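Spelled out, the chains give:
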Amino acid sequence: NDSDAAKCPYFGGIQGQSAGSGTTNKQWWPNKLQLNILRQNTEKSDPMGEDFNYEEEFKKLDYNALKKDLINLMTDSQDWWPADFGHYGGLFIRMAWHSAGTYRVTDGRGGGNTGNQRFAPLNSWPDNGNLDKARLLLWPIKQKYGKKISWADLMILAGNCALESMGFKTFGFAGGRKDVWEPEQDIYWGSETEWMDYKERYEDGELEKPLAASHMGLIYVNPEGPKGEPDPMGSAHDIRETFGRMAMNDEETVALVAGGHTFGKAHGAGDAEKYVGVEPEGAAIEHQGQGWINTMGTGCGDDTITSGLEGAWTPNPTRWDHDYFDVLLNYDWELTKSPAGAHQWRPTEASQAKKAPMAHDPSKTQDLMMSTADIALKTDPKYLEISKRFHKDHKAFEDAFARAWYKLTHRDMGPVSRYLGPEIPQEELLWQDPISEETVSTISKNDVAGLKQKIAAAGLSNSQLVSAAWASASSYRNSDMRGGANGARIRLEPMKSWEVNEGISEIIDALEKIQKDFNDGQSGKKVSLADVIVLAGNVGVEQAAKNAGHEVAVPFNPGRGDATQDQTDVDSFAHLEPVADGFRNYLNENQKISAEELLVDRANLMTLTVPEMAVLLAGMRVMDANHDGSSYGVFTNNKGALTNDFFKNLLNLGITWKATDDSEQKFAGRDRKTGEVEWAGTRVDLIFGSNSELRAIAEVYACADAEKKFVKDFVAAWHKVMNLDRFDLA
Ligand code: HEB
């Protein structure tokens, strides 16, 4: 039985003794540190090959022809999944929205920039019901344009075309989302083992971080109300929380929900338990990727069962108009149940409400409906105020919806320099973390040499030089491509006040002096502080290598700019603050997650491989770059020299380790013979000797012949970190 196999993750029976099967290490040792998230989406799973360059391919795209095809598709109803009201617009808006709506500010993961709706678990989330049909409807177009348009871009663009074909003017569109070829393993979607469960994420009464959805398998909130109870105020609370974690304020939230529900309908013709089959990932092989096969009546059209709610929000669900607020605010609503048994709301008799046509029989009509989440927009006082304002002021509503939709669908794409295509809006938006072009360095190679001398002569230690550069560059997170050295936001709020950056400001001040002196000079050229900070790190690394007897040149790519405080959304940047930075042996107290897991999490956000993570941490330790200047993990008698001492001393069999605190965060390493304490280390230090896979890497670098390799690999990894946000470098 398919569904049993689908439900139980450890259902091994049908797999027999095939390669890769059997009880896994993760099952034997569930607490073992998982390094798999650093080994995802390698070239081995990517069919496009090493030479594939999506930007170049996108530029060859006949963008207007593609848009025309998408707009035609909207009204090209197919018998196997006929369009409601003859128009697929609602379905495609919902697909695009659900693609983008998984984004969360907390860790920047999720969102529409990878095309991950094609894969489990998202392709099978209850909330994504029947979106398999939407992607299948898109397939002939994807097939026609091939590698010139990614699935990720296509899904968002289809949403835009749906809006435009129904008369809404969008704010713009940018391409540039690259597809992944396997589901991301680093995105934590929750620990519940049943769909639509919510228990574990509300253990402390507050929605667990980093999650942004109120139930397992939902994009945001339960439409029927929290925990399925039709409680509009409770729903408002959940909406505020989940949309907030999607980076949306109250006004953006109201605009999005009202704008979206101006179109399309909800589907709940009958009891899902009785009629609807398993989700795509668990479906039988002959269904070819389709799930939720519906055995009621025709299985589609007016017999469709998706959310279980039934009906349209507005009388004209395929046209952009201002009816949503008319309907919501002018009618009174009473609780009822859909044919599928879901809580929903209908206009009272006394409201003498308009009706919507049946989606597949225009000669018949159907009651309008609102979900509990819609009713929240008139129950919650703050939402109501915004709803009333938008109801009166159509222009304000249209502008707010257009902007919020653009933000929703482009939020996780990183800086505008990554945007592609002819429809990129000119306006600079704060959430794009802008950096003005005028601040970008114009220095030459010779200037770089001069600046390096100035930095070396500034009286800063190696430890200070590398700490400042690391603090600046390591703020990057690849999940939404924010942060990083570019912009020099390390000198601005909130970054300069982060606990992890204690002591960095003084170093930055000294570097800023060097920058000012240069720019005040007669050369007519300028250097950004962002470039000076990175260059300072290079100087530190080169000096440290020299102290260890190695002459190396760390590559340097000038071209960064400096953002201003006005260009920096303080609240939004607050989400980038690390609770731990194992590379600087920093751990904010009271973390539920182990320090080593947080190290791997950060390494993943910086796109590091396992060896890169190892070599960087070991190098930072011997360069004495701990956040508080402590000696945890500084396993060397030659501080400030870029040696492989960290690994050598960690693997030294003459040392035994023992925890020095009850929570086993800190350890003392004693000489076996004398019992003298030789070293102090934390979990993120000792994990490189304890975890068998990390130990294997540590051994490579601890070998007698590995000193040179260690320095070389460190420099390469360092260079990578410094340039994580340099999308301008090909
Ligand atoms: Fe929505 C639909 C809920 C938001 C757009 N939605 C829908 C439904 C539901 C819901 C239940 C039905 C489905 C079926 O098919 O059955 N939403 C909801 C909620 C929320 C929302 C709860 C939060 C509050 N939406 C939203 C947004 C948007 C949207 C934001 C955009 C912007 N939706 C939409 C659309 C639709 C829907 C368009 C229709 C679809 C069709 O037609 O198919």
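Residues numbered from 1 in each chain as written. Predicted model: local features only at pLDDT ≥ 70, side-chain atom pairs only at ≥ 80, totals over all residues. Heavy atoms only, no water.

Colleague: Provide a residue-level description of empty space enclosed by the protein, including the pertinent values.
Modeller: Applying the stated rule across the entire model yields four cavities of 30 Å³ or more. Residue composition of the lining of the largest cavity, grouped by class: eight nonpolar, three polar and two charged. Approximately 60 Å³ is the volume attributed to the second largest cavity. Lining the second largest cavity we find A471, S474, S475, W498, N501, L576, P578, D581, R584 and R602. Residues belonging to the lining of the second largest cavity are distributed by class as follows: four nonpolar, three polar and three charged. (1 Å grid on protein atoms, 1.4 Å probe; cavity = no way out; pocket = protein on both sides within 12 Å on 5 of 7 lines; lining within 4 Å. Points joined across faces, edges and corners; volume = space filled by probe spheres on them. Nonpolar A, V, L, I, M, F, W, Y, C, P; charged D, E, K, R; others polar.)

Colleague: Could you give an account of the sheet that holds strand 9 (residues 655-659), with specific residues and numbers?
Modeller: Taken in spatial order, the three strands of this open sheet run 9-10-11, and their pairing is antiparallel. Looking at the sheet topology across the chains shown, the edges are occupied by strand 9 and strand 11 (677-682). Neighbour to neighbour, the strand axes of the sheet diverge by 25° on average, direction disregarded. Packed onto the sheet, helix 23 (residues 683-690) meets strand 9, strand 10 (666-671) and strand 11 and runs at close to 100° relative to strand 11. (Pairing = 2+ DSSP bridges. Helix = DSSP H or I, 4+ residues; strand = E, 2+ residues; numbered from the N terminus. Axes fitted to C-alpha atoms, helices over the stretch in contact; angles between N-to-C directions. Contact = heavy atoms within 4.5 Å.)

Colleague: Outline unusual backbone geometry, listing residues and values.
Modeller: In this chain, A120 is followed by P121 through a cis amide linkage whose omega measures 5°. Locating P121 in the fold gives a position in the loop between helix 5 (89-100) and helix 6 (131-145). Omega for the bond connecting K209 with P210 falls within 30 degrees of zero, at 5°, which places this linkage in the cis form. Its place among the elements puts P210 in the loop between helix 7 (151-165) and helix 8 (232-244). The phi dihedral of Q288 falls on the positive side, at around 55°, and the residue is not glycine. With respect to the secondary-structure elements, Q288 resides in the loop between helix 10 (272-275) and strand 2 (311-312). You can call Q288 exposed: its relative accessible area is 64%. We note that D624 has phi near 65°; this positive angle belongs to a residue other than glycine. Its location among the elements puts D624 in the loop between helix 21 (610-622) and helix 22 (645-650). (Buried < 20%, exposed > 50% of the residue type's maximum accessible area, 1.4 Å probe, protein only.)

Colleague: Go over the coordination of the iron atom of the ligand, please, and point to the residues and values.
Modeller: For the iron atom of the ligand, the protein supplies a single donor, H261 (NE2), at a distance of 2.1 Å. One can find H261 in the loop between helix 9 (250-260) and strand 1 (265-266). (Donors = N, O, S within 2.8 Å, 3.2 Å for Na, K, Ca; no water.)

Colleague: Can you tell me about the packing of helix 11 (residues 323-330) against helix 12 (residues 372-379), naming the residues and giving the values?
Modeller: The contact between helix 11 and helix 12 brings their axes to 10 Å, and the two run at 75°. When the interaxial angle is binned, helix 11 and helix 12 end up roughly perpendicular. From helix 11, Y324, L328 and L329 reach across to helix 12, where they touch D374, I375, L377 and K378. Taken together, the residues of the contact of helix 11 with helix 12 break down into five nonpolar, no polar and two charged. (Parallel < 35°, antiparallel > 145°, perpendicular 65-115°, else oblique.)

Colleague: Residues and numbers for the pattern of salt bridges, please.
Modeller: Two side chains with opposite charge may pair up if their charged atoms get near one another. Counting across every chain of the model gives 44 salt bridges. Here E57 and K60 are joined by a salt bridge, their closest N and O atoms 3.1 Å apart. Among the salt bridges present, the one from D645 reaches K648, with a minimum N-O distance of 3.9 Å. Of this pair, D645 and K648 both sit in helix 22, three residues apart, which is roughly one turn of the helix. By relative accessible area, which is 36% here, K648 ends up partly exposed. The network of salt bridges with shared partners includes R104, D107, R109, D186 and D601. (Salt bridge = Lys/Arg side-chain N within 4 Å of Asp/Glu carboxyl O.)

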